[in-house]
Amino acid sequence: MGHAYTPGLKVTDSLVIRKHRILPLKGDVLVKLGDKVKPDHVVARTLLPGAVVPLNVANKMGIPPEDLETVMLKKAGDPIKAGEPVAQSKPLFGLKFLGGSKCEATIDGTIESISHITGQVLQRGMPTPVEVKAYIEGEVIEVLPREGVVVQCVAGFVQGIFGIGGETNGAIQVVTPDNQTVLSDNLINEAHKDKVIVGGSLVTAAALRKAIQVGVRGIVVGGFDDKDLRDFLGYDIGVAITGSEDTRTTLVVTEGFGQINMAQKTYDLLKRHEGQMACINGATQIRAGVIRPELVIPETAEDDYKQAKTDIPVEGLKIGSPIRVIRHPYFGQLGRVTDLPAPLQVLESESRARILEVEFDSGKRALVPRANVEMIEG
Amino acid sequence: MAKFSSPDDIKVIVATDCGSTTTKAILIEYVNGEYRLLSRGEAPTTVEAPFEDVTMGVLNAVAELEELSGRRLLDDKGRFISPANGAIGTDVFISTSSAGGGLQMMVAGVVRSMTAESAERAALGAGAIVMDVIASNDKRLPHQQIERIRHLRPDMILLSGGIDGGTTTHVVEIAELVSAADPRPRLGTGYKLPIIYAGNKDAREPVKEALSDKVDLRVVDNLRPVLERENLGPAREEIHELFMEHVMAQAPGYKKLMSWADAPIMPTPGAVGLIIQTIADIYNIEAVGVDIGGATTDVFSVFRPDTKTPVFNRTVSANLGMSYSISNVFAEATLPMVMRWVPFKMDERDLRNRVKNKMIRPTTIPQSLEELIFEQAIAREALRLAFVQHKNFATVLKGVQQQRTIADAFEQSASGATIVNMMSLNMLIGSGGVLSHAPRRAQSALMMIDSFLPEGVTRLAVDSIFMMPQLGVLTEVQPKAATEVFEKDCLIHLGTCVAPTGTTKKPGPVMKYSIDLPDGSVTGTLNHLEMKLIPLGIQENGLPKVVKATFEPDRNYDLGAGKGAKVERELHGGVVGIILDGRGRPFDLSSLTEDERVKYLRTWMTDLNIYPEIPGK
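**A closer look at the overall build of chain B**
Phase 1 of the analysis: Summing up its helical and strand segments, chain B has 17 helices and 22 strands in all.
Phase 2 of the analysis: Computed over its C-alpha atoms, the radius of gyration of chain B comes to 25 Å, within 12% of the 25 Å expected for a compact globule of 617 residues.
Phase 3 of the analysis: Projected onto its principal axes, the C-alpha coordinates of chain B cover approximately 70 × 65 × 50 Å.
Phase 4 of the analysis: Here the contacts in chain B between residues at least 6 apart in sequence split such that 68% fall between residues at least 24 apart.
Phase 5 of the analysis: With the model as given, the accessible surface of chain B reaches about 23,700 Å², and the carbon-plus-sulfur share is 49%.
Phase 6 of the analysis: If the 66 positive side-chain charges of chain B are averaged to one point and the 76 negative ones to another, these points end up 4 Å apart.

Printed below as a string of structure tokens:
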């Protein structure tokens, strides 16, 4: 089998980041190779076909479907306006004062199709424009004709474990004095408007509400209580697929659910970059093709490109590897691997598993299943 | 691969199952007059980047088989050596696949509870995940249905509607909606989305007119030719055909894998359904199989509502699972329902966080006993909910008028009633990590009893290494090998549960029993809310020991012959033994006080030797 442990979350000062900015349908790319773009720069645009609304003309006019041809004023592809007649029957005996029934379009758009079997006319609504922004500050390094672009930058990079809310950006401001302090509402004020704020071990529900109220763009924090998450969203997240919530403030949790100190390395990195612009996305998908929430801090100096790593090599667990325990009874504790015994061992639960010995930062040692640790990478 | 004139000439078989994370290979050989599993190997699946070739994972898993068995299976170029000659090569190679998200379908019909439900049954039975069911009366407006069809990107659509000779308008309307949505396939861009039409034969031409320009339309026999009968076979066969032609052909490396295989590659759940149907057929029994995974739970059943014709059903509970979907189980079941299985107190806030942490880090395992007990409590609820969904789906055909006599008026069975009959069920088979890898087999047995609540006499078993998919596809090539290996190597026979139905408010006897064990007869009385474990093991050939037993239920209880009626039955042993369950049916813990509930749970867990000790008090 592959690795018996969970690969860690990336936390690094300098990494080459490439983002594919792709349209949902083919359209127009608005930038060219080599262009420098800002996060809110629109790089591609397209029109999504409008909604289809059926109109049962035969029913409405009381005629058999096969006679539809004789009453239609419009043909497939013709533009229509709401209220405009699309079909009209001839008046009785050709006498205008006896009238003729008519059927009007219900939306603006075009006629999609006319069915002589069901008597149904399908109306296609006006197309909806869709834009894709650059999301990060950087350079267009590839143009995918009619589809989108690849934007690249060198950046400080923090991967979270869980998030809510979509893409946004703002200047980083660390608001807790250390990685352990709880981010409570009294630490948030009007000065944090449009900022990405950084907290310690937990963000309280009240703090999250206050952040939204003052217009904070994003929050990066060690932990969040599930009960608060449910109260905040108004529903329970059943499966970890997020990013489309309309929360106004994007949340990135770096360690997990509950009160857990943000890893010192992550806190220190964010502290070093305080004041810089960060691009943040809470989208999470824990399934095949995993997506983690993230914080990207683009660097603009030329030197940064030369020094930056293009990827962080994934190394196996070794003696001395820094790890985080990701399950009870040592959940959230950080330490270093001190032994990797090969044979399977029986746990307290009587399960047999491969284990490792860890020495926690407190100096205490414990045996933990390898499946229950995560490498600290970066 | 080599060709054989008779299946009996096949002596060596290699079968793989390409799952979304792991590819599992098994080696079966004909030794001393019987087919047996010789070894198994596994390797990570290689469908996704950077490998993007499923055959690499298959070859790695087969290489592990070679190492473990000493049989050389691959030549220097990494191709199967065939036919087998002595200790080299294999006669047959077969495979199933659920990699890349399995087979994802959308189905459509005219009436939700009739043709649309039949179409859903056909798709599920073929091993698909049904993304949505569109019907004329599904309470959505046409434009909402069109939006939905457009947004989903299924691998294929099954369209049905109308009985043969009936009205054509409604089914053509559905075809027009599909056409307006202009649906795109999930994988690949260079081909049209396949749509199978299995509706009213009189509507074939107008459906072709509406759809054939935009999609790859296939027409098969109506899956509901008359209201009283389903004909799901042709639609299911076409689904498998298209799965090979389109879905598999789009996935990286599958063309090569298909060229190696001696039988069509089948969707994994389709193959599991096949082995369960085969076993139910051969032994003339009713069986339920469950596979509880990280994201989903599949339930398969074969019942005989009219006592002879077997009816197969499969359901997929898409968001009931033990890791990715664990939080959803918790949300659907609710906290009190999960906690009723936990014999100690836990803080709600902490519990909720633990569940979410398992969801975001799905590969972790319970280290402490407390965590194991809690995880198994959630598993009970996931299984229970999945079975509720299955019972609601596995029904007699809806919309069929029934002629009733005065006698029938006293029976409450109606159109759409479930065909799941726990009293006549003979065998319950569990698989999936939480059941197959429970540290003690008795834990698996009790989890299945608590969640499925079998009635009467029911055999219990688990598929220890999830071999059912490979054996399912093997039934197409060498059914004898499939059934022999299934009985002797695939199943771990846990034993038999004996559970009378009925309740009583006061403590007292539920039944008297007398069991003729090999070393003497055991007799006794089972009391209300009591559980007993009577050891009865396995024979040397891997099959369970079988003994005779007599039960005399109390006048409030029934073991299948009526209240208070004496019953004589054969009981099968297993690694756990015979479990006598005196908790009654319907089973209800809600009448107990909190202290009583904890006391009884601890007693049952101790009496059945479920855990080494039980934390807390």
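**Re the interface of chain B and chain A**
Phase 1 of the analysis: Listed by partner, the interface residues are 52 residues for chain B and 60 residues for chain A.
Phase 2 of the analysis: Taking both sides of the interface into account, the surface hidden between chain B and chain A amounts to around 4,600 Å²; carbon and sulfur atoms contribute 53%.
Phase 3 of the analysis: Interface area lost by chain B to chain A is led by I360(B), R361(B) and Q367(B), which between them contribute 17%.
Phase 4 of the analysis: Taken together, the links from chain B to chain A amount to ten salt bridges.
Phase 5 of the analysis: The interface formed by chain B and chain A contains 27 residue pairs in polar contact (both at pLDDT 80 or more).
Phase 6 of the analysis: Only β3 (34-44), α3 (142-151), α4 (169-181), α5 (204-211), α9 (326-333), α11 (348-360) and α12 (369-393) of chain B provide two or more residues apiece to the side of chain B that touches chain A.
Phase 7 of the analysis: Among the elements that take part in the side of chain B that touches chain A, α11(B) stands out by supplying eleven residues, more than any other.
Phase 8 of the analysis: For the side of chain B that touches chain A, the class distribution of residues is 19 nonpolar, 13 polar and 20 charged.

**A short note on the pairing of strand β17 (residues 509-517) of chain B**
Consecutive side chains along a regular strand alternate between the two faces of the sheet.
Residue and element names in this part refer to chain B.
Phase 1 of the analysis: In the sheet, β17 pairs with strand β18 (residues 520-527) via eight bridges, with the strands oriented antiparallel. By the bridge assignment, Y513 is partnered in β18 with G524.
Phase 2 of the analysis: Here five bridges tie β17 to strand β20 (residues 546-553), and the two strands are oriented antiparallel to one another. Among the inter-strand pairings, K512 is bridged to a residue of β20, identified as E552.

**A word on the sheet that holds strand β21 (residues 567-572) of chain B**
Residue and element names in this part refer to chain B.
Phase 1 of the analysis: The strand order across the open sheet built from four strands is β18-β17-β20-β21, with neighbouring strands paired in antiparallel fashion. Among the strands making up the open sheet, the edge pair consists of β18 and β21. The mean angle between the axes of side-by-side strands here comes to 25°, regardless of whether they run parallel or antiparallel.
Phase 2 of the analysis: With six bridges joining them, β20 and β21 adopt antiparallel strand pairing. Note on β21: the bridge partner recorded for T550 is E568.

**Quick word on the sheet that holds strand β11 (residues 128-133) of chain A**
All names here are of chain A.
Phase 1 of the analysis: Taken in spatial order, the three strands make up an open sheet running β2-β4-β11, and their pairing is antiparallel. The strands lining the two open edges of the sheet, one partner per strand, are β2 (28-29) and β11.
Phase 2 of the analysis: Note: strand β4 (residues 42-48) against β11, six bridges, orientation antiparallel. Residue pairing in the sheet places A44 in a bridge with V132 of β11.

**Focus: the domain arrangement of chain B**
All names here are of chain B.
Phase 1 of the analysis: For chain B, the assigned domains are domain 1 (7-99), domain 2 (102-260) and domain 3 (273-399 + 406-607).
Phase 2 of the analysis: The gap between the C-alpha centroids of domain 1 and domain 3 is 32 Å.
Phase 3 of the analysis: With 20 residues of domain 1 at the contact, the number on the domain 3 side is 17 residues.
Phase 4 of the analysis: It is Y35, R36 and I94 that lose the most area in domain 1 upon contact with domain 3, and together they represent 30% of the buried surface on that side.
Phase 5 of the analysis: Inspection of the domain 1/domain 3 interface yields two salt bridges.
Phase 6 of the analysis: Salt-bridge contacts for E34 lead to K488; the nearest nitrogen and oxygen are separated by 2.7 Å.
Phase 7 of the analysis: Contributions of two or more residues to the side of domain 1 that touches domain 3 are made by β1 (12-18), β2 (22-31), β3 and β4 (92-97).

**Section: the pairing of strand β9 (residues 216-219) of chain B**
Phase 1 of the analysis: Of the pairings in the sheet, the one linking strand β8 (residues 194-197) of chain B to β9(B) comprises four bridges and is parallel in character. Bridge assignment links Y197(B) to a residue of β9(B), and that residue is V219(B).

**Observations regarding the pattern of salt bridges**
All names here are of chain A.
Phase 1 of the analysis: Across all of its chains, the model carries 60 salt bridges over all chains by this definition.
Phase 2 of the analysis: R272 is the partner of D13 in a salt bridge, and the nearest nitrogen-oxygen pair spans 2.5 Å. Note that D13 is positioned in strand β1 (residues 11-22) and R272 in helix α5 (residues 264-272), a separation of 259 residues in sequence.
Phase 3 of the analysis: Its relative accessible area of 32% is what places D13 among the partly exposed residues.
Phase 4 of the analysis: Owing to a relative accessible area of 51%, R272 belongs among the exposed residues under this scheme.

**A few points about α5(B)**
Residues and elements named next belong to chain B.
Phase 1 of the analysis: For α5, the set of buried residues is P206, V207, A210 and L211. Angular distribution of buried residues about the axis of α5 spans 120°; they occupy a single face of the element. Across from the buried face of α5, at angles greater than 90 degrees, the exposed residues are E205 and E209.
Phase 2 of the analysis: The inward-facing, buried residues of α5 abut β7 (156-159), α4, β8 and β9.

**Remarks on the packing of aromatic side chains**
Phase 1 of the analysis: Tallied over the entire structure, the rule returns ten aromatic pairs over all chains.
Phase 2 of the analysis: Measuring from ring centre to ring centre gives 5.0 Å for F162(A) and F257(A), while their planes differ by 50°; the resulting arrangement is tilted. A residue pair is termed long-range when its members are at least 10 positions apart, and F162(A) in strand β14 (residues 162-164) and F257(A) in strand β21 (residues 250-257) qualify at 95 residues.
Phase 3 of the analysis: For F257(A), a relative accessible area of 3% gives the class buried.
Phase 4 of the analysis: The structure contains a cluster of three or more aromatic residues connected by ring pairs, namely W341(B), F587(B), Y600(B) and W604(B).
Phase 5 of the analysis: Stacked on the ring of Y600(B), the Lys or Arg K599(B) has its end atom at 4.9 Å from the ring centre.

**Description of the nonpolar core**
Phase 1 of the analysis: Counting 95 residues, the largest nonpolar core has F162(A), I219(A), F374(B), I378(B), L435(B) and F452(B) as its most contacted members.
Phase 2 of the analysis: Considering each element in turn, this core owes the most residues, twelve residues, to α12(B).
Phase 3 of the analysis: Excluding its chain neighbours within four sequence positions, the residues that come into contact with I378(B) are M322(B), I326(B), V329(B), F330(B), V338(B) and V355(B).

**Remarks on the environment of I81(B)**
All names here are of chain B.
Phase 1 of the analysis: Relative to the assigned elements, I81 resides in the loop between α1 (54-69) and β4.
Phase 2 of the analysis: Separated by 286 residues in the primary sequence, I81 and Q367 place their C-alpha atoms 44 Å from one another.
Phase 3 of the analysis: Residues in contact with I81, not counting those within four places in the same chain, are R72, L73, L74, D75, I88, G89 and T90.

Definitions and limits used
Residues numbered from 1 in each chain as written. Chains lettered and ligands numbered in written order. Predicted model: local features only at pLDDT ≥ 70, side-chain atom pairs only at ≥ 80, totals over all residues. Heavy atoms only, no water. Helix = DSSP H or I, 4+ residues; strand = E, 2+ residues; numbered from the N terminus. Rg over C-alpha atoms; globule rule 2.2 N^0.38 Å. Contact = heavy atoms within 4.5 Å. Areas by Shrake-Rupley, 256 points an atom, 1.4 Å probe, with all protein chains shown as cover. Lys, Arg positive; Asp, Glu negative; His and termini not counted. Charge placed at Lys NZ, Arg CZ, Asp CG, Glu CD. Buried area = accessible area lost by both parts, 1.4 Å probe. Salt bridge = Lys/Arg side-chain N within 4 Å of Asp/Glu carboxyl O. Polar contact = N/O pair within 3.5 Å; in protein donor to acceptor, adjacent residues only side chain to side chain. Nonpolar A, V, L, I, M, F, W, Y, C, P; charged D, E, K, R; others polar. Pairing = 2+ DSSP bridges. Axes fitted to C-alpha atoms, helices over the stretch in contact; angles between N-to-C directions. Domains from an automatic or database assignment. Buried < 20%, exposed > 50% of the residue type's maximum accessible area, 1.4 Å probe, protein only. Arc of directions from axis to C-beta. Phe/Tyr/Trp six-rings, centres within 6.5 Å; stacked < 30°, edge-to-face > 60°. Lys NZ or Arg CZ within 6 Å of the ring centre and 35° of its normal. Core = buried A, V, L, I, M, F, W, Y, C linked by side-chain atoms within 4.5 Å.

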